[in-house]
Amino acid sequence: MNGIFRVPIPKNEPVKSYAPGSPERLALQNKLSELRSIEKDIPMYIGSEEVRTGNTIEIRPPHDRAHKLGVFHKGGAEHVEAAIKAALQARTKWADMPWEERAAIFLRAAELLAGPFRAEINAATMLAQSKNPFQAEIDAACELIDFFRFNVQYMTEIYSEQPPENSPATWNRLEYRPLEGFVFAITPFNFTSIAGNLPGAPALMGNTVVWKAAETQIYSADVIMRVFKAAGLPDGVINLVFVSGPVAGDVVFKHPDFAGIHFTGSTGVFQSLWKEIGTNIARYKSYPRIVGETGGKDFVMVHNSADVREVSTALARGAFEFQGQKCSAASRAYIPESMWPQVRETLKSMLNEMKMGPVEDFTNFINAVIDEKAFDKISSYIVNAKAAGQEIVSGGNFSKEKGFFIEPTVIRASSPDYITMCEEIFGPVLTIYVYPDQNFEETLQLVDRTGIYALTGSIFGYDRYAVKTACDALRNAAGNFYINDKPTGAVVGQQPFGGARGSGTNDKAGAKSNLLRWVSMRTMKENFLPPADYRYPFHAES
Ligand code: NAD
């Protein structure tokens, strides 16, 4: 087709309210009931095949362990090999597909999520990942829709970037080729949108992908895969396998056509993958692209010019929404002594009001943590804090009788380097360090030096000198920095997301910079009048 096409201008998908009486609430409630009334049998998707191995693993809601949502079929090394083969077979045709055709598939996927699949992707995320309706809506529906819409726009911006200079006799062009080989996407449990974007972004840029989902996210990964299919994504472009990480890694990282990894998950896992890639570097045809967004120990720093209610609200939401299982969750806060008594009381009363329970009851703010391993790990930090004589300001109780429930817990640490001020807990635990008001600048140094991460952080205060001092002192402490706002809730197209130091390669999900990692540029110079004499003018004798 001839034409230099423009794509629809991307807009953020409006977040629906799910207020009583709203049509979206009714649709979601119906979908929750429907999904609870059936047992799903979820296959891997390799090439054109739905693969069922018979080695089935049960899927149960984290908040209701007695209920069975279905099973998924677990694979092994041979399925990873088959997925690589399918990706490589699909590669040439997909890489040659005109960009506007690829754009159309992802734009349709966005519309399918916004309409016909909205209730299903949200209900699946609520049931299997224990998110309340709002947390599911901002993640599984809106953020994934935004990723697809904005990535299409960014793709066209990248392709439009061409060398600025051409002489009349030469034409200089840049071609943005897909990587030579396949991309490996490894996705975390906590965001359905990330699960869709990690394979989706490289595929949009013309790559084919092997996607390994986290076991606890497979229930909603299946919906994403069906959306891709319904949108017209050809077989073999994204191949979804359910295998353990090390089994997948062992096949992928030894493969000569391994061209890149798109990872989100914990820092320890990412570092081990990087090492493995390094060990195998001589096997690969190209240097693989390594993109990873990893852990965080995100801070809220408060100056005594801040507003008590605003700070308390930011802590209540920033630390405890989705049970603190966001890489960006506020998990350490530094409060000036003069403000602490009021913040303490306001925060405590907010947390006391928050209801905890299953997602099907929409009045609950807090639901369950993802699985037993997470429950045991998070609760052990609380047990140890009690034993070490740290003050439990709020919460502190937990039970796995019906589901993996942990109360939103606030610890006041006796020292700024107490373990819960430093390590990523990835659960509903916020630790507070109360500092003397006059030590504001020293405390900024503490915030900067504590731990290995640099993902998100906030400064609260209305003294503009203090805010400016914090912005400077914390320049490298967070890839996403907030002034008078909680450190969670980045929106695609508005706050490109990613951190530095131990928090990742900071390629910024949902930004042009991320998509650039999935292409390899070819510079083309064409000469319309090639010289036919090897001599230059200065060679002349006179
Ligand atoms: P995780 O590291 O346990 O798992 C992530 C993925 O890696 C899963 O698919 C898992 O199966 C896989 N994996 C684990 N070991 C592997 C191995 N040896 N080889 C290959 N794959 C392997 O993380 P999680 O519990 O799913 O997610 C929580 C973590 O993700 C937290 O640390 C959080 O901060 C981080 N996270 C970061 C961001 C970000 O944008 N920075 C976003 C979301 C989550």
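Caption draft 1: How the structure looks around the overall build of the chain. Across its full length, the chain holds 16 helices and 23 strands. Rg of the C-alpha trace for the chain: 25 Å, near the compact-globule value of 24 Å for 542 residues, within the 12% margin. Dimensions of the chain, computed from the C-alpha atoms along their principal axes, are close to 90 × 65 × 50 Å. Restricting to contacts in the chain with at least 6 residues of sequence separation, those with at least 24 account for 77%. Carbon and sulfur atoms make up 52% of the accessible area of the chain, which totals about 22900 Å².

Caption draft 2: Local environment of the packing of aromatic side chains. According to the stated counting rule, one finds 18 aromatic pairs in the structure shown. Measuring from ring centre to ring centre gives 6.5 Å for Tyr 334 and Tyr 433, while their planes differ by 75°; the resulting arrangement is edge-to-face. With a gap of 99 residues between them, Tyr 334 in strand β13 (residues 330-336) and Tyr 433 in strand β18 (residues 429-435) connect regions that are remote in the sequence. As far as the burial class goes, Tyr 334 and Tyr 433 line up, both buried. Three or more aromatic residues joined by ring pairs make a cluster, and in this case those are Phe 182, Phe 184, Phe 253, Phe 258 and Tyr 284.

Caption draft 3: Molecular detail of the site of the ligand. Around the ligand sit 26 residues, and of these Thr 187, Lys 212, Ser 266, Thr 294 and Glu 424 come closest. In the model, an oxygen atom of the ligand is placed 3.3 Å from a nitrogen or oxygen of the Gly 265 main chain. Between the ligand and Ser 266 there is a distance of 2.6 Å, counted from an oxygen atom to a side-chain nitrogen or oxygen. Put simply, the parts of the chain that give the shell around the ligand at least two residues each are α8 (245-252), β10 (258-264) and α9 (267-279). By residue class, the composition of the shell around the ligand is 14 nonpolar, nine polar and three charged. Mapped onto the domain boundaries, the shell around the ligand takes at least three residues apiece from domain 1 (45-163 + 174-294 + 504-525) and domain 2 (298-483).

Caption draft 4: Looking closely at the side chain of Glu 424. Secondary-structure assignment places Glu 424 in the loop between α13 (419-422) and β18. Among buried charged residues, Glu 424 stands out as having no salt bridge; its nearest opposite-charge side chain is Lys 377, 5.9 Å away. Within polar-contact distance, the side chain of Glu 424 engages the backbone nitrogen of Gly 296 at 3.0 Å. Not counting chain neighbours up to four residues away, the residues in contact with Glu 424 comprise Gly 295, Gly 296, Lys 297, Lys 377, Tyr 381 and Tyr 453.

Caption draft 5: A look at unusual backbone geometry. One non-glycine residue, Phe 322, adopts positive backbone phi at about 45°. For Phe 322, the location among the structural elements is in the loop between α10 (308-320) and β13. Backbone geometry at Asn 506 places phi at a positive 55°, although glycine is not the residue there.

Caption draft 6: A look at the environment of Glu 345. Its place among the elements puts Glu 345 in helix α11 (residues 340-353). Taking the relative accessible area as the measure of exposure, Glu 345 reaches 45% and is therefore partly exposed. Separated by 228 residues in sequence, Glu 345 and Phe 117 have C-alpha atoms that sit 42 Å apart.

Calculation rules
- Residues numbered from 1 in each chain as written.
- Predicted model: local features only at pLDDT ≥ 70, side-chain atom pairs only at ≥ 80, totals over all residues.
- Heavy atoms only, no water.
- Helix = DSSP H or I, 4+ residues; strand = E, 2+ residues; numbered from the N terminus.
- Rg over C-alpha atoms; globule rule 2.2 N^0.38 Å.
- Contact = heavy atoms within 4.5 Å.
- Areas by Shrake-Rupley, 256 points an atom, 1.4 Å probe, with all protein chains shown as cover.
- Phe/Tyr/Trp six-rings, centres within 6.5 Å; stacked < 30°, edge-to-face > 60°.
- Buried < 20%, exposed > 50% of the residue type's maximum accessible area, 1.4 Å probe, protein only.
- Near = heavy atom within 4 Å.
- Polar contact = N/O pair within 3.5 Å; in protein donor to acceptor, adjacent residues only side chain to side chain.
- Nonpolar A, V, L, I, M, F, W, Y, C, P; charged D, E, K, R; others polar.
- Domains from an automatic or database assignment.
- Lys, Arg positive; Asp, Glu negative; His and termini not counted.
- Salt bridge = Lys/Arg side-chain N within 4 Å of Asp/Glu carboxyl O.

Scope: geometric values only; no functional claims are made or implied.
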